[in-house]
Amino acid sequence: MGLARCSSPKNPLAHLDPVVPDKTTKVAAHLLTSPSPSSARSPRFSPSGQFLIYLSCGVMVTHNGCAQLCQIHWDTKKIDVVKDFVKRGDANTFPGIYSHSLPRRCFIDDHSILFSSPWLSSTAAMILHIPTGQISRISPPSGASATIMDVFLPPSSSSSSSSSSSSSSSSSSRAHVLLMTSDPITPPKLWLSSISPSSSALASPSVSDLTWSLVHSSPLPDIKQKLEYEVMTITPSADPVDMPFEIIFVSPSNPSSKLPLLLYPHGGPHSAFTTDYATSLVFLASLGYGVILVNYRGSLGFGSDFVDILPSRCGELDLQDCADSVKKILALGKGDPNRIAIVGGSHGGFIAGNMIGCDYGDIKFKACVMRNPVTNIAPMAYISDIPDWCFVEAGFPINTMVANPNQMKTMMDVSPMGKIDRIKTPTLFLIGEVDKRVPPSQAISMHYALLERHIPSRLVFYPKNGHGLLGPECEPDQWVNTCEWLHTYLQ
């Protein structure tokens, strides 16, 4: 089973006897947590070694979702849930933990940690006071998103942090915090600050008076005068309508005419777009496109209910939320209804391939770009490194991993290949040769099906590249090919 970008595999925590064995001695391993029904990841010892914290996904069947933060008392091996799953969140209410891992060094004392996690459509830096479970959000010195990069605790503090009387505000006991900030049009900056440990185990350290010093900023030219972004909340048209979602709209500033629009749903589907800087996004907006990043229902950062609503409704809710996003931008007069394209990778490619085969009234896609897309869930269930994904997202149990004919039909019907005869949109496929997550046959089969129906289609194959298409030659080339395709069919 694939582990990359997946938090749900049933992994227990174990520790080994602290001895150096000879060739004849077997090292004993002792389970700390059970692999069923939950899993554990990202273990971190407190400075004193008295506590071990970790993230747990519980009984989650989706590949990513809300996590618990748990604590093991090392002397007794007793486990406490410090922060539980959160069903709903909003701008003022903590939506839960969605980090795949905690910072390697995250403790400022034995009782408090710093970490980052999606909070709606931003990455938020937070402090968590373990004894009370209290969460405080750290206001970044700049930018819309903030990520904790490292926490350095001086050795004198580390050795005595278990004692509340040793915590003080002296400079020798203050933890040093490295923070990265950015927004969609501002490259990352690095900031340094220090924070005092709590005065006792019952009090959370204060983050309201942090003073940040800039230690590094990007040498790239300032483009804030040329580009702008806005986060918008949208009420969905499909039930449940009490579960609003968000989009991030990035575009040229003060355009002289209505913009060509790029609808850009993320992959996963249980991931998220955040207001962090992305070179590809700036590239697209700098060429004159209005880019719609959609955190459709099923995305991370909005609560566990938001994640859990999508399985069994893939190919429905995600598509409708994307259509509502385009309608919102058009209603605001920000886009040209005659120049709309869609770009997506992995599950975003699944959405793209589906949408060009559906009728959304006045929304007509003139071009489509799909990066390692899921085009047919049914056969992917037997060739992907995550076959359980195919069953879960289609709404089926994963106890057998063998689909019956009715399940195969449902998987096909919700997939782009199930709509192949209705597709008229010119489509570009960007494929990684060694992708095990969504094997190349998914795109190749759709590419030839479109050509057979006389629909313009091109397939670009990247040798030695996997699912992310992140090779140093591949990454820029794919975006050049993307823009050439868009320019051909949107002008």
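Predicted, not measured: the structure shown is a model, and the values here were computed from it.

J.: Just checking my understanding: could you explain the overall build of the protein for this structure?
T.: Assigned secondary structure in the protein consists of 10 helices and 22 strands. Whereas a compact globule of 491 residues would reach a radius of gyration of roughly 23 Å, the protein reaches 24 Å, a difference of no more than 12%. Considered along the principal axes of its C-alpha atoms, the protein spans approximately 75 × 55 × 45 Å. Among the 491 residues that make up the protein, the fraction classed as buried is 54%. Taking the intrachain contacts of the protein between residues at least 6 apart in sequence as the baseline, contacts between residues at least 24 apart amount to 66%. Summed over all atoms, the accessible surface of the protein reaches about 21000 Å², with 55% contributed by carbon and sulfur. If you average the places of the 37 positive and of the 39 negative side-chain charges in the protein, the two averages end up 2 Å apart.

J.: In this structure, what is going on with the sheet that holds strand 5 (residues 68-73)? I would like to understand it.
T.: Two modes of strand pairing occur in sheets, parallel and antiparallel, and in both the strands are linked by backbone hydrogen bonds. Read from one edge of the open sheet, 4 strands run 3-4-5-6, paired in antiparallel fashion. Single-partner strands in this sheet number two, and they are strand 3 (40-45) and strand 6 (78-83). Strand-to-strand twist in this sheet, taken as the mean axis angle between neighbours without regard to direction, amounts to 25°. Taken together, the 5 bridges between strand 5 and strand 6 define a ladder with antiparallel strand orientation. Bridge pairing in strand 6 links L69 to K83.

J.: How do you make sense of empty space enclosed by the protein when you look at a structure like this?
T.: Over the atoms a probe the size of a water molecule is rolled, and this reveals where empty space is left. Following the criterion strictly, the structure yields 1 cavity of 30 Å³ or more and no others. By volume, the largest cavity amounts to about 30 Å³. Counting residues per element, the lining of the largest cavity draws most heavily on strand 13 (residues 186-195), which supplies 3 residues. Of the residues contributing to the lining of the largest cavity, the split by class is 6 nonpolar, 2 polar and no charged.

J.: Quick question: what am I supposed to make of the sheet that holds strand 17 (residues 259-265) here?
T.: Taken in spatial order, the 8 strands line up as 15-16-18-17-19-20-21-22 in an open sheet, and their pairing is mixed. Each of the sheet's edge strands pairs with one partner strand only, and the pair in question is strand 15 (227-234) and strand 22 (457-462). For this sheet the average axis-to-axis angle between neighbouring strands, irrespective of direction, equals 20°. Two elements, strand 21 (residues 427-432) and strand 22, share 6 bridges in a ladder whose sense is parallel. Paired with I431 across the bridge in strand 22 is F461. Its contacts with the sheet put helix 9 (residues 441-452) on strand 20 (365-371), strand 21 and strand 22, and the angle it makes with strand 22 is roughly 155°.

J.: Is there a simple way to explain the side chain of K419 in this structure?
T.: Relative to the assigned elements, K419 resides in the loop between helix 8 (405-413) and strand 21. Here the side chain of K419 touches D413 through a polar contact of 3.1 Å, landing on its backbone oxygen.

J.: Help me understand unusual backbone geometry, please; the structure alone is not making it clear to me.
T.: Trans peptide bonds make up the majority, and among non-glycine residues the majority have a negative phi. Cis geometry marks the peptide bond from D239 to P240; its omega dihedral reads 0°. Within the secondary structure, P240 is located in the loop between strand 15 and strand 16 (245-252). G268 connects to P269 through a cis peptide bond whose omega is 5°. Position of P269 relative to the elements: it lies in the loop between strand 17 and helix 2 (279-286). Even without being glycine, S346 reaches a positive phi, approximately 60°. Position of S346 among the secondary structure elements: in the loop between strand 19 (335-345) and helix 5 (347-355). Even without glycine at this site, K464 takes up a positive phi of about 65°.

J.: Help me understand the confidence of the model for the protein in this model?
T.: Interpretation of the predicted coordinates at a detailed level should be avoided for regions scoring low in pLDDT. Here the protein averages 90 in pLDDT, and 90% of its residues register 70 or above. In the predicted structure, residues 162-170 sits below a pLDDT of 50 and forms 15 contacts with residues beyond four places in sequence or in another chain.

J.: Help me understand a nonpolar patch on the surface in this model?
T.: A grouping of F283, L287 and V480 is seen on the molecular surface, where their side chains present a nonpolar patch of about 250 Å² in accessible area. In this structure F283 comes out as partly exposed when scored by relative accessible area, which is 33%.

J.: Help me understand the side chain of R297 in this model?
T.: Within the element layout of this structure, R297 appears in the loop between strand 18 (290-295) and helix 3 (304-308). Note on R297: relative accessible area 0%, which makes it buried. Side chain to side chain, R297 and D321 meet in a polar contact 2.8 Å long. Those residues in contact with R297, other than ones at most four positions away along the chain, are P236, A238, D239, P240, M243, F245, F306, I309, L310, L317 and D321.

J.: Please explain helix 9 as it appears in this structure.
T.: Every α-helical turn comprises 3.6 residues, leaving residues that sit three or four positions apart pointing alike. Between its first and last C-alpha, helix 9 extends 16 Å over 12 residues, near the 16 Å set by a 1.5 Å rise per residue. Turning to helix 9, its buried residues are Q442, A443, M446, H447, A449 and L450. Buried positions in helix 9, seen along its axis, are confined to an arc of 165° and lie on one side of it. Across from the buried face of helix 9, at angles greater than 90 degrees, the exposed residues are Y448 and E452. For helix 9, the secondary structure elements touched by its buried residues are helix 5, strand 20, helix 6 (377-380), strand 21 and strand 22. Of the residues flanking the end of helix 9, it is H454, one or two places downstream, whose phi is positive at about 65°.

What counts and how
- Residues numbered from 1 in each chain as written.
- Predicted model: local features only at pLDDT ≥ 70, side-chain atom pairs only at ≥ 80, totals over all residues.
- Heavy atoms only, no water.
- Helix = DSSP H or I, 4+ residues; strand = E, 2+ residues; numbered from the N terminus.
- Rg over C-alpha atoms; globule rule 2.2 N^0.38 Å.
- Buried < 20%, exposed > 50% of the residue type's maximum accessible area, 1.4 Å probe, protein only.
- Contact = heavy atoms within 4.5 Å.
- Areas by Shrake-Rupley, 256 points an atom, 1.4 Å probe, with all protein chains shown as cover.
- Lys, Arg positive; Asp, Glu negative; His and termini not counted.
- Charge placed at Lys NZ, Arg CZ, Asp CG, Glu CD.
- Pairing = 2+ DSSP bridges.
- Axes fitted to C-alpha atoms, helices over the stretch in contact; angles between N-to-C directions.
- 1 Å grid on protein atoms, 1.4 Å probe; cavity = no way out; pocket = protein on both sides within 12 Å on 5 of 7 lines; lining within 4 Å.
- Points joined across faces, edges and corners; volume = space filled by probe spheres on them.
- Nonpolar A, V, L, I, M, F, W, Y, C, P; charged D, E, K, R; others polar.
- Polar contact = N/O pair within 3.5 Å; in protein donor to acceptor, adjacent residues only side chain to side chain.
- pLDDT = per-residue confidence, 0-100.
- Patch = residues over 30% accessible without salt bridge, like charges linked within 9 Å, V, L, I, M, F, W, Y side chains within 5 Å.
- Salt bridge = Lys/Arg side-chain N within 4 Å of Asp/Glu carboxyl O.
- Expected span 1.5 Å × (residues − 1).
- Arc of directions from axis to C-beta.

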